[in-house]
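Structure assessment
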Amino acid sequence: MLATVLTASAAVLAAPVAGLLGYRAMKRHANAERLRITTPHGIDESGFVRIGGIDQWVSVRGESLDNPVILEIHGGPGASNLPFIPRTRAWERHFTIVRWDIRGGGKTFGHGGPAGQGEMTLDRVYRDALEVTEYVRARLGVPKVLLVANSIGTVLGLRLARNHPELYSAYVGTDQNVLAGGHRHPAYDALLGRLQQAGKRKELAAVTAMGPDATAWSTHQWSEFNKLVVTTDPLTFDTMKTVVVRSLWFSPLHTLRELRTYLKGMTFAEQLGPQAMAVDEWAEGTEFALPLFVFQGDSDVLTPPEPARRLFDAVRAPVKDFALIRNAGHFASFREPEQFLDLMLAKVRPVVTGELAAR
């Protein structure tokens, strides 16, 4: 997936040659105005917090501190959710959102560089997440936070929710990964089918040589697989161009230098991808002591909805719900932020605020 971002972004970064720097400045200014929080009980603060022995970027935004607090676990790896804030601005009317740039990505990577990221393992990032959770609970004075994870961040998200129901009011997974320790591979099988149908013999040979067991892939193979999945699916590729790349290019929170650093961070953080492939959600357990929700793009080819639905059906939780986001593939919550917010307000917020029990 990273290679696709780099390719598309390279074309965008060449745009100033065509005289589009002024347009970028205008859009960034408009987005900055959209992000302003002026409500008397709102919050808009960001900066580096010492987490796991290194400085990591944490942003806290919302129009009312009385709203439920969300902790986002972003995907990638290394793909900070900060560029999407203008698209998800409406969420902040109903939730206080903590966006954390995980080690190896975003402003955390930009601040410390490759040498300053420390231990790059899933276990270390998991422990970081617990530290961030404790920081948020103390800073905002809340007993629990609502855990919202997307894409590869859902690997950590499920583990956090399963192991620490005392810290989280509920779990919401979108672009939910169900890796099953490499034993099931619907995305791989579907990619083979698309390559065969398109007559792409070279790519087909490369994917076939990799084999379906993602636990045996190198970091380069993992990245190449994601690139092919993205570029062979029209909806996902369109989302990369119109949502992901445009969000990066027009982000009021990132300079041109920071955009390049953002992409370098994604390359650096790719080492976490193959580590995640060994995780088996089924083996780790389907018992959850907190409410669990999965909102999946109905046309997601990278993390297909069918495995997510099977895992969801097996889950035992006090409350659970599953919904498809219409006309969306991967990055479903960012392509269709209004649909995602509607689901959060209808299904999740009443549960975490106690409104559902009061009905």
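Now for a look at the structure at hand. (Residues numbered from 1 in each chain as written. Predicted model: local features only at pLDDT ≥ 70, side-chain atom pairs only at ≥ 80, totals over all residues. Heavy atoms only, no water.)

**Points about the overall build of the protein chain**
Per the secondary structure count, the protein chain includes 16 helices and 8 strands. For the protein chain, the residues scored as buried account for 58% of the 359 residues in total. For the protein chain, contacts bridging at least 24 residues in sequence account for 78% of all contacts bridging at least 6. As displayed, the protein chain has an accessible area near 14500 Å², and 54% of this comes from carbon and sulfur atoms. (Helix = DSSP H or I, 4+ residues; strand = E, 2+ residues; numbered from the N terminus. Buried < 20%, exposed > 50% of the residue type's maximum accessible area, 1.4 Å probe, protein only. Contact = heavy atoms within 4.5 Å. Areas by Shrake-Rupley, 256 points an atom, 1.4 Å probe, with all protein chains shown as cover.)

**A closer look at unusual backbone geometry**
Look at the link from glycine 76 to proline 77: it is a cis peptide, with omega at 0°. Mapped onto the elements, proline 77 comes out in the loop between strand 3 (69–73) and strand 4 (96–100). Within the chain, asparagine 327 stands out as a residue other than glycine whose phi angle is a positive 60°. One can find asparagine 327 in the loop between strand 8 (320–325) and helix 14 (332–335). Judged by relative accessible area, asparagine 327 falls into the exposed class, the value being 54%.

**Here's the deal with a nonpolar patch on the surface**
Together, Leu20, Tyr23 and Met26 make up an exposed nonpolar region whose accessible area comes to about 290 Å². By the element assignment, tyrosine 23 lies in helix 2 (residues 21–35). Judged by relative accessible area, tyrosine 23 falls into the partly exposed class, the value being 37%. (Patch = residues over 30% accessible without salt bridge, like charges linked within 9 Å, V, L, I, M, F, W, Y side chains within 5 Å. Salt bridge = Lys/Arg side-chain N within 4 Å of Asp/Glu carboxyl O.)

**Some points on the pairing of strand 5 (residues 145–150)**
Among the 6 residues that make up strand 5, 6 are buried, leaving the element largely enclosed by the rest of the structure. Of the two faces of strand 5, both are covered, the one formed by Val145, Leu147 and Ala149 as well as the one formed by Leu146, Val148 and Asn150. As defined by bridge partners, strand 3 adjoins strand 5 across 4 bridges and the pair is classed as parallel. Residue pairing across strands places leucine 71 opposite leucine 147, the latter belonging to strand 5. (Pairing = 2+ DSSP bridges.)

**Quick word on the packing of helix 6 (residues 186–198) against helix 7 (residues 201–210)**
Between helix 6 and helix 7, the least distance of the axes is 9 Å, while the angle of their chain directions is 155°. In terms of axis orientation, helix 6 runs roughly antiparallel to helix 7. Like other packed secondary-structure pairs, helix 6 and helix 7 cross with a definite hand, here left-handed. Residues Tyr188, Leu191, Leu192, Leu195 and Gln196 of helix 6 form the contact with helix 7, whose own contacting residues are Glu203, Leu204, Val207 and Thr208. (Axes fitted to C-alpha atoms, helices over the stretch in contact; angles between N-to-C directions. Parallel < 35°, antiparallel > 145°, perpendicular 65-115°, else oblique. Left-handed = near helix turned anticlockwise from the far one by under 90°.)

**Here we look at the sheet that holds strand 7 (residues 292–297)**
Spatially, 8 strands are ordered 1-2-4-3-5-6-7-8 in an open sheet, and the strand pairing comes out mixed. Both outer strands of the open sheet, strand 1 (43–51) and strand 8, are each paired with one neighbouring strand and no more. Taken over all neighbouring pairs, the strand axes of this sheet differ in orientation by 20° on average, direction set aside. Direction of pairing for strand 2 (residues 54–62) relative to strand 4: antiparallel, over a ladder of 4 bridges. When the bridges of strand 4 are listed, serine 59 appears paired with arginine 99. Sheet strands in contact with helix 4 (residues 122–140) are strand 1, strand 2, strand 3, strand 4, strand 5 and strand 6 (168–174), and its direction is about 135° off that of strand 1. Docked against the sheet, helix 15 (residues 337–353) engages strand 3, strand 5, strand 6, strand 7 and strand 8, running at close to 175° with respect to strand 7.

**Notes on helix 9 (residues 234–249)**
With 16 residues, helix 9 should reach 22 Å at 1.5 Å per residue; the first-to-last C-alpha distance of 21 Å fits that figure. Helix geometry: helix 9 is bent most strongly at methionine 240, by close to 30°. Regarding helix 9, the residues found buried are Thr236, Thr239, Met240, Val243, Val244, Val245, Ser247, Leu248 and Trp249. (Expected span 1.5 Å × (residues − 1). Bend = angle between axes of the 7 residues up to and from the residue.)

**Notes on the side chain of arginine 103**
Along the polypeptide, arginine 103 turns up in the loop between strand 4 and helix 3 (106–112). For arginine 103, a relative accessible area of 2% puts it in the buried group. Side chain to side chain, arginine 103 and aspartate 128 meet in a polar contact 2.6 Å long. (Polar contact = N/O pair within 3.5 Å; in protein donor to acceptor, adjacent residues only side chain to side chain.)

**Regarding helix 2**
With 15 residues, helix 2 should reach 21 Å at 1.5 Å per residue; the first-to-last C-alpha distance of 21 Å fits that figure. Every buried residue belonging to helix 2 is among Arg24, Asn31 and Leu35, and all of these are buried. When helix 2 is viewed along its axis, its buried side chains cluster within an angular range of 45° and face the same direction. In helix 2, those exposed residues whose orientation departs by more than 90 degrees from the buried face are Met26 and His29. Residues of helix 2 that are buried make contact with strand 1, strand 2, helix 9 and helix 10 (256–269). (Arc of directions from axis to C-beta.)

Everything listed here is a matter of coordinates, which is why it stays silent on function.
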